[in-house]
Amino acid sequence: MAKGLEIDAQLVITLDGDDIKIAGVGSYLIVNFPSQRVFDKITSGPPKDPNAPKKPKDPNAPDPLQQLNDLALRLGLVLDMRVANKTHVTFGTGSSAKISLNAVLGKIGSFFRG
């Protein structure tokens, strides 16, 4: 696998009128979502069929956050995911992803929004 991947990029992705900004310099990559609503929409996965039976979670399934952290470590990258310019999760800085207090408070606050 690559060691010390270097990047230099800026990208803006527009999704339903919301701009998601991605910037990277050296081994540091930032993904900034404009709001908790946009972050929740993207991280919720594909739309679910309300009539489909619920599938039990496989206890042996790999943790996607851990997989992303392991990939960032292998590539020598730090991935900083932000919501409204506040860090929520950082990957590639240790043995597991670091979830910030901003992420916890943002998720709690999103339960009370309509």
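Structure shown above.
Quick look at the structure, then. (Residues numbered from 1 in each chain as written. Predicted model: local features only at pLDDT ≥ 70, side-chain atom pairs only at ≥ 80, totals over all residues. Heavy atoms only, no water.)

This next bit is on the overall build of the chain. Within the chain one finds three helices and six strands. Counting from the amino terminus, helix and strand elements in the chain follow one another as β-β-β-α-α-β-β-β-α. Looking at the chain as a whole, 26% of its 114 residues qualify as buried. Of the contacts made within the chain by residues no fewer than 6 positions apart, 39% connect residues no fewer than 24 positions apart. Total accessible area computed for the chain in this model is approximately 8200 Å², and 61% of it derives from carbon and sulfur atoms. (Helix = DSSP H or I, 4+ residues; strand = E, 2+ residues; numbered from the N terminus. Buried < 20%, exposed > 50% of the residue type's maximum accessible area, 1.4 Å probe, protein only. Contact = heavy atoms within 4.5 Å. Areas by Shrake-Rupley, 256 points an atom, 1.4 Å probe, with all protein chains shown as cover.)

Our next topic: the pairing of strand 4 (residues 78-83). Summarising burial for strand 4: five of the six residues are buried, a large majority. By the bridge criterion, six bridges tie strand 3 (residues 28-33) to strand 4 in an arrangement that is parallel. In the strand pairing of strand 4, Ile 30 is matched with Asp 80. In terms of strand pairing, strand 4 meets strand 5 (residues 86-91) through five bridges, oriented antiparallel. (Pairing = 2+ DSSP bridges.)

Take the pattern of salt bridges next. A full pass over the atoms with the stated rule returns three salt bridges. One salt bridge connects Lys 41 with Asp 16, and the closest N-O pair in it is separated by 3.1 Å. Of this pair, Lys 41 sits in helix 1 (residues 36-43) while Asp 16 is found in the loop between strand 1 (7-15) and strand 2 (18-26), placing the two residues 25 residues apart along the sequence. A relative accessible area of 32% means that Lys 41 is categorised as partly exposed. Salt-bridge contacts for Arg 37 lead to Asp 18; the nearest nitrogen and oxygen are separated by 3.0 Å. Placement of Arg 37 in helix 1 and of Asp 18 in strand 2 is noted, with a sequence separation of 19 residues between them. By relative accessible area, Arg 37 is classed as partly exposed at 49%. (Salt bridge = Lys/Arg side-chain N within 4 Å of Asp/Glu carboxyl O.)

In this structure the tally under the stated criterion is one aromatic pair. Summarising the aromatic geometry, the rings of Phe 33 and Phe 39 are spaced 5.1 Å apart at their centres and angled 70° between planes, so their arrangement reads as edge-to-face. This pair shows no difference in class: Phe 33 is buried, exactly as Phe 39 is. (Phe/Tyr/Trp six-rings, centres within 6.5 Å; stacked < 30°, edge-to-face > 60°.)

In terms of nonpolar packing, the biggest core is built from 12 residues, these being Ile 20, Val 31, Phe 33, Val 38, Phe 39, Ala 72, Leu 79, Met 81, Val 83, Val 89, Phe 91 and Ala 97. When residues of this core are traced back to their parent elements, those giving at least two are strand 3, helix 1, strand 4 and strand 5. When residues of this core are assigned to their parent elements, the largest contribution, three residues, is made by strand 4. Among residues more than four places away in sequence, those in contact with Val 31 are Ile 20, Lys 21, Ile 22, Leu 79, Asp 80, Met 81 and Arg 82. (Core = buried A, V, L, I, M, F, W, Y, C linked by side-chain atoms within 4.5 Å.)

Keep in mind these numbers describe shape, not what the thing actually does.
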